[in-house]
Amino acid sequence: MDIIICSAFCFNFSYWNVSIISISKAIIDMVSWKDKMPTNLPPDYFEAEKRFREAQTPGDKVLCLEEMISTVPKHKGTDKLRADLRRQLSKLKDEAKTLKKHTGHQTSFYVEKEGAGQAVVIGPTNVGKSALVAALTHAEPEVSSAPYTTWKPLPGMMHVEDIQIQLVDTPPLDREFVEPGLFDLIRRADLVLLTVDLQTDPLLQLEETLLLLEEHRISSPDRRDRYASQDRMVFIPLLILANKCDDENLTEVYDLFCALLGEECPMIPISAATRWNFDVLKKQVYQALEIIRVYAKPPGKDPDMERPFVLKRGSTVAELARKVHRDFYDKLKSARVWGSSAFEGQMVQRDYELKDGDIVELRV
Ligand SMILES: Nc1nc2c(ncn2[C@@H]2O[C@H](COP(=O)(O)OP(=O)(O)OP(=O)(O)O)[C@@H](O)[C@H]2O)c(=O)[nH]1
Ligand SMILES: [Mg+2]
């Protein structure tokens, strides 16, 4: 087993070495673009560029680069920049393909994001991660009282009101042995659901798991102030799920657990077995993802209230337009908003910040 782990590590290391060199080269190329950049790039471009720099894998970098390209205005002054970005994109796509071909084991830890956000369910063995994913989605992971049952990630979609959020069941996160690739999976996620077993020393489980994450430079934004150096740290929103809270006696245990822990992290008591408190869990997952739902209304027609557009909290009318269609983003003149605006159907500009539940009519 030691030999397998060791050779897996060496292989990983040599892969990351190559990958880090090519990613660094991509960043150096990006810096040299900066000198020639036209001044009229929108703020979205710089946000996508920031995410590009922070992205950990070629696949994630591809997504960010595509976003950057979509935000560059089309005119003579940006021709060179767009060509350079496209060249980088095709290089990174090749890299992502090579990674898929050569790292058979790691690819099972690359879970394509679907729905409004990806939440990974992590924690020590036997805390009920698989039971939770099975109870909240249509996925069918194996649930067993035997430890170390799950050995690869399994995604499922959880309905929350009118949207779907992806939950990913994962193998145990344990100091003895962690599946290679699990930390990369966590780093790519939008939300971490750290699960502990309320019936078996939850405090120790929580502390151990947070420590393991920290050792791999993963933490939550609430804990950001603790780190003098935040170099190469990834901060992902985190909720603690205190599972197996099956009856009233256990809610007392939960209260004690909260008292011991202080106000530190947002925590939800639940029971995968009885499905208790799932409504609260869903609401908090939705809030922690920091997303909003916006409903598009074609001019002169009713809004489509069945399929909302999901945007990051703080998004503007222009960002909605880009989600609807690239042409809308380019040609958008104004919009009318029902919901957060001062009066119904108020005319607003591209930079108007939308709120959850808004109905928007885009005018081109
Ligand atoms: N009483 C009780 N038992 C639960 C609950 N959730 C899960 N279990 C039981 O806990 C055991 C472990 O559940 P799993 O879902 O397989 O645990 P896991 O965290 O996925 O374990 P690994 O795959 O080994 O990491 C099973 O016997 C489940 O039936 C719960 O809410 N209450
Ligand atoms: Mg499991």
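Look above for the structure.
Since the structure is predicted, the reported quantities are computational estimates derived from the model, not experimental observations.

**Topic: the site of ligand 1**
Taken together, the neighbourhood of ligand 1 is formed by 23 residues, with Thr125, Lys129, Ala131, Thr150 and Asp246 sitting nearest. In the model, an oxygen atom of ligand 1 is placed 3.2 Å from a nitrogen or oxygen of the Val127 main chain. One of the backbone nitrogen or oxygen atoms of Ala272 is found 2.9 Å away from an oxygen atom of ligand 1. Protein burial of ligand 1: of its 650 Å² of free accessible surface, 85% is covered by the chains. Split by residue class, the shell around ligand 1 holds 9 nonpolar, 11 polar and 3 charged.

**Regarding the coordination of the magnesium ion (ligand 2)**
With distances of 2.0 Å, the protein atoms coordinating the magnesium ion (ligand 2) are Ser130 (OG) and Thr150 (OG1). One end of the pair, Ser130, is in helix α6 (residues 129-136); the other, Thr150, is in the loop between α6 and β2 (154-160), with 20 residues separating them in the sequence. One exposure class covers both Ser130 and Thr150, and it is buried.

**Describing the nonpolar core**
The nonpolar side chains of a soluble globular protein tend to be buried with one another. Leu173, Ile186, Leu194, Leu213 and Phe257 are the most contacted members of the largest nonpolar core, which has 33 residues in total. Every element with two or more residues in this core is listed here: β1 (118-122), α7 (182-188), β4 (191-197), α8 (202-215), β7 (238-243) and α9 (248-261). Listed in part, the 28 residues of the second largest apolar core include Leu136, Leu239, Ile270 and Leu289.

**What to know about the sheet that holds strand β9 (residues 291-296)**
One open sheet holds the 5 strands; their spatial order is β10-β9-β13-β11-β12, and the pairing between them is mixed. Unpaired on one side and paired on the other, β10 (309-312) and β12 (346-348) mark the two borders of the sheet. With direction set aside, neighbouring strand axes in the sheet form an average angle of 40 degrees. Judged from the 4 bridges that link them, β9 and β10 form a sheet pairing that is antiparallel. If you follow Val294 over to β10, its bridge partner there is Phe309. Strand contacts of helix α11 (residues 317-324): β9, β10, β11 (334-338), β12 and β13 (359-363), with the helix running at about 135 degrees to β10, the strand carrying the most contacts.

**Remarks on the environment of Leu65**
With respect to the element layout, Leu65 can be found in helix α3 (residues 58-71). Note on Leu65: relative accessible area 0%, which makes it buried. For the pair Leu65 and Gln88, spaced 23 residues apart in sequence, the C-alpha separation works out to 8.2 Å. Ignoring sequence-local partners within four residues, the contact set of Leu65 consists of Phe52, Leu85, Gln88, Leu89 and Leu92.

**A word on unusual backbone geometry**
Residue Tyr148 is not a glycine yet carries a positive backbone phi of 55 degrees. The residue Tyr148 is located in the loop between α6 and β2 in this model. Overall, Tyr148 belongs to the partly exposed group, its relative accessible area being 43%. In this structure, Glu290 is a non-glycine residue whose phi angle is positive, near 55 degrees. Mapped onto the elements of the fold, Glu290 is located in the loop between α10 (278-288) and β9.

**A few points about the pairing of strand β3 (residues 163-169)**
When you tally the buried positions in β3, you get 6 out of 7 residues, the bulk of the element. Note: β1 against β3, 4 bridges, orientation parallel. Across the sheet, the residue bridging to Gln118 is Gln166, located in β3. Where β2 folds back onto β3 in an antiparallel hairpin, the turn is made up of 2 residues, including Glu161, whose phi is positive at roughly 50 degrees.

Calculation notes
- Residues numbered from 1 in each chain as written.
- Chains lettered and ligands numbered in written order.
- Predicted model: local features only at pLDDT ≥ 70, side-chain atom pairs only at ≥ 80, totals over all residues.
- Heavy atoms only, no water.
- Near = heavy atom within 4 Å.
- Polar contact = N/O pair within 3.5 Å; in protein donor to acceptor, adjacent residues only side chain to side chain.
- Areas by Shrake-Rupley, 256 points an atom, 1.4 Å probe, with all protein chains shown as cover.
- Nonpolar A, V, L, I, M, F, W, Y, C, P; charged D, E, K, R; others polar.
- Donors = N, O, S within 2.8 Å, 3.2 Å for Na, K, Ca; no water.
- Helix = DSSP H or I, 4+ residues; strand = E, 2+ residues; numbered from the N terminus.
- Buried < 20%, exposed > 50% of the residue type's maximum accessible area, 1.4 Å probe, protein only.
- Core = buried A, V, L, I, M, F, W, Y, C linked by side-chain atoms within 4.5 Å.
- Pairing = 2+ DSSP bridges.
- Axes fitted to C-alpha atoms, helices over the stretch in contact; angles between N-to-C directions.
- Contact = heavy atoms within 4.5 Å.

Distances and angles like these do not, on their own, reveal function.
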